[in-house]
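# Fold and geometry: a report
Now for the letters of each chain:
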Amino acid sequence: MGSGGVCASLEAVEKVSLAQKFGLFSEHWSPKVVADLNGQQVKIAKFEGEFPWHAHAEEDEMFLVVRGRMELRLRDRTVELAEGELFVVPRGVEHQPYAAQEAHVLMFEPASTLNTGAERNELTVDAPERL
């Protein structure tokens, strides 16, 4: 422990500017890790168009719209999200993210979560880049 009871590793912790991080990439549907928390990862991605239907058997998945608008299509309804709105897709629920125009989205999920769930396709990212 350092002075005042602060762990020495705290010195390595930096604030995250989401605008700056979103400015580092242009590709869609390619999640990037921007922070870690208790075995969870904070990821960001740019969405545009349709992502394949998928589910995560063991993990809930949170989507927070930072810029733009998106939809989370569920089998029984569509949830529309605007800037500053979030939705948690419960584990096991099939969903399809969709954005008519580019949206900047923050996701919070366990580090082991694969972006395409049990499905593997050309959009599967096994090891998201860390920004």
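It should be noted that the structure appears before, not after, this text.
As a starting point, this report considers the structure included with it. Note that the coordinates shown come from a computational prediction; the quantities given were computed from them, not determined experimentally. (Residues numbered from 1 in each chain as written. Predicted model: local features only at pLDDT ≥ 70, side-chain atom pairs only at ≥ 80, totals over all residues. Heavy atoms only, no water.)

## Side note on the packing of aromatic side chains
A complete count under the given rule lists 4 aromatic pairs for this structure. With a centroid separation of 6.1 Å and 35 degrees between ring planes, the pair formed by Phe-22 and Phe-25 is classed as tilted. According to the relative accessible area criterion, Phe-22 is buried, its value standing at 3%. Here the guanidinium or amino end of Lys-32 rests over the ring plane of Phe-25, the centre of that ring lying 5.4 Å away. Sitting over the ring of Phe-25, Lys-46 keeps its end group 5.0 Å from the ring centre. (Phe/Tyr/Trp six-rings, centres within 6.5 Å; stacked < 30°, edge-to-face > 60°. Buried < 20%, exposed > 50% of the residue type's maximum accessible area, 1.4 Å probe, protein only. Lys NZ or Arg CZ within 6 Å of the ring centre and 35° of its normal.)

## Describing the nonpolar core
Phe-47, Phe-63, Met-70, Leu-72, Leu-81, Phe-87 and Val-105 are the most contacted members of the largest nonpolar core, which totals 17 residues. For this core, the elements supplying multiple residues, two or more each, are β2 (40-50), β3 (61-67), β4 (70-74), β5 (78-81), β6 (86-89) and β7 (95-110). At 4 residues, β7 tops the list of elements feeding residues into this core. The contact partners of Phe-87, leaving out residues within four places of it in the chain, are Glu-61, Met-62, Phe-63, Leu-72, Leu-74, Arg-77, Val-79 and Leu-81. Within the second largest apolar cluster, 7 residues are counted, among which are Phe-22, Phe-25, Met-62 and Leu-106. (Core = buried A, V, L, I, M, F, W, Y, C linked by side-chain atoms within 4.5 Å. Helix = DSSP H or I, 4+ residues; strand = E, 2+ residues; numbered from the N terminus. Contact = heavy atoms within 4.5 Å.)

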